[in-house]
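So the chains spell out like this:
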Amino acid sequence: MTSLDDLPLRADLRGSEPYGAPQLLDGIQLNVNENSYGVPESVQRRISSEIEKTLSNLHRYPDREFIELRELLAGFLGYDLELAQIWAANGSNEILQQLHQAFGGPGRLAISFGPTYSMYPVIAKGTLTDYKELPREEGFTLSASYVVEQIKANNPSIVILCNPNNPTGTAIELDVVEAAYEATEGILIVDEAYAEFSDSESAISLLHNRPRLVISRTMSKAFAFAGVRLGYMAADPAVIDAMRLVRLPYHLSSLTQAAARAAVRESETMLSNVREISVQRERVAEELKKLDLVVYPSKSNFLLVGGFSNPRAVFDYLLSNGLIVRKTTIDSALRITIGTEEENNRLLELMPSAITSLD
Ligand SMILES: Cc1ncc(COP(=O)(O)O)c(C=O)c1O
């Protein structure tokens, strides 16, 4: 049988592992930070009818500039954003990839502050961009002075600040973003995949007169739309022009555009469970603390939970009971997505035995 070693694979890809969060297609999925409440039925109908309208035209390429969707996204985000400042792609992973294609590449460095999103190094590698994950400060926080110091020491072409941060849930203040922007001559990406769950101001408020600032968003999390693959960003129109240089033509299918248009038009309904998820997050956090676990403050739809003497065994115990959470690279910790009330109840019911019988 042929293996990767037999193929003329790029030398720098030899020995690499693909991204591979285990998928549990049946059962309680608290491992990839989706919104377990799903798409409300009324919106499902709107999506169906918007998609149906495209069917007679599927022999044509889609609108390459996805004008209508960008207009809707600009209106949804607010801050007086215009169409020319908005871009979208198949998930914010593709947004990040296009940014690296345009602003990274051979001889250029991207930095982030870890532990953070595990796809950053994968995207850097795929685009031949050097990558450095610098450690966060005490309790996974980041101060403006530390970020500035690291930017000056490393001279990156791309700086990624994940806010709130995955997998820790930590939020940063906008003064860190402002200071990072002043310190770098590169592109500053603020990855706001989980912003809707946070009560902090979005970095979009800083866009004016900051042409190297990019705010990346996704419909995969709060919007309960992970299956559609729709990520988007706000930036200076010149950055959007840079994206046009690297995107594949017609990268957003007519079906994706139609589904996303309907979802953005119904954003209020789509986001109606966000508050409930935050309430559930605080409830789950309090209950887990009663089990003597360490729960880090989170502004996201997940919790980083430490204090397990054997997180792998806890993961296995939960999985054997039909519930999947996420292993992390952080010692003695697991990352747990906040699900529906029933799903969270099941987690809380299983956790004491998971800890006492196996930990
Ligand atoms: C911080 C962060 N950014 C980006 C993404 C990518 O999401 P998507 O490609 O579904 O938009 C994720 C997904 O988990 C994430 O956690």
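You'll find the structure just up there.
Nothing here was measured: the structure is a model prediction, and the numbers come from that model.

This part is about the site of the ligand. The local shell around the ligand holds 13 residues, among which S92, D191, Y194, T218 and S220 are the closest. Within the side chain of N166, an N or O atom sits 2.8 Å from an oxygen atom of the ligand. Interatomic distance of 2.5 Å between a side-chain N/O atom of T218 and an oxygen atom of the ligand. Expressed as a share of its isolated accessible area of 390 Å², the protein-covered part of the ligand is 93%. Cavity membership is defined here by more than half of the atoms lying within 2 Å of grid points; on that basis the ligand lies in the largest pocket.

Turning to the packing of aromatic side chains, a few remarks are in order. Applying the stated criterion across every chain, the model contains seven aromatic pairs. An angle of 15 degrees between the planes, with centres 4.1 Å apart, marks the rings of Y61 and Y250 as stacked. One end of the pair, Y61, is in the loop between α1 (41-54) and α2 (67-77); the other, Y250, is in the loop between α7 (237-246) and α8 (254-265), and 189 residues separate them in sequence. Its relative accessible area of 63% is what places Y61 among the exposed residues. Judged by centre distance (5.0 Å) and plane angle (80 degrees), the rings of Y194 and F302 are edge-to-face. In this pair, Y194 is assigned in the loop between β6 (187-191) and β7 (213-218) and F302 in strand β10 (residues 302-306), connecting sequence segments 108 residues apart. Judged on exposure class, the residue Y194 and its partner F302 are both buried. Directly above the aromatic system of F66 lies the positively charged group of R70, at a separation of 5.6 Å from the ring centroid. Directly above the aromatic system of Y181 lies the positively charged group of R210, at a separation of 6.0 Å from the ring centroid.

How each quantity is defined
- Residues numbered from 1 in each chain as written.
- Predicted model: local features only at pLDDT ≥ 70, side-chain atom pairs only at ≥ 80, totals over all residues.
- Heavy atoms only, no water.
- Near = heavy atom within 4 Å.
- Polar contact = N/O pair within 3.5 Å; in protein donor to acceptor, adjacent residues only side chain to side chain.
- Areas by Shrake-Rupley, 256 points an atom, 1.4 Å probe, with all protein chains shown as cover.
- 1 Å grid on protein atoms, 1.4 Å probe; cavity = no way out; pocket = protein on both sides within 12 Å on 5 of 7 lines; lining within 4 Å.
- Sits in = over half its atoms within 2 Å of the grid points.
- Phe/Tyr/Trp six-rings, centres within 6.5 Å; stacked < 30°, edge-to-face > 60°.
- Helix = DSSP H or I, 4+ residues; strand = E, 2+ residues; numbered from the N terminus.
- Buried < 20%, exposed > 50% of the residue type's maximum accessible area, 1.4 Å probe, protein only.
- Lys NZ or Arg CZ within 6 Å of the ring centre and 35° of its normal.

By themselves, these figures tell us nothing about what the structure is for.
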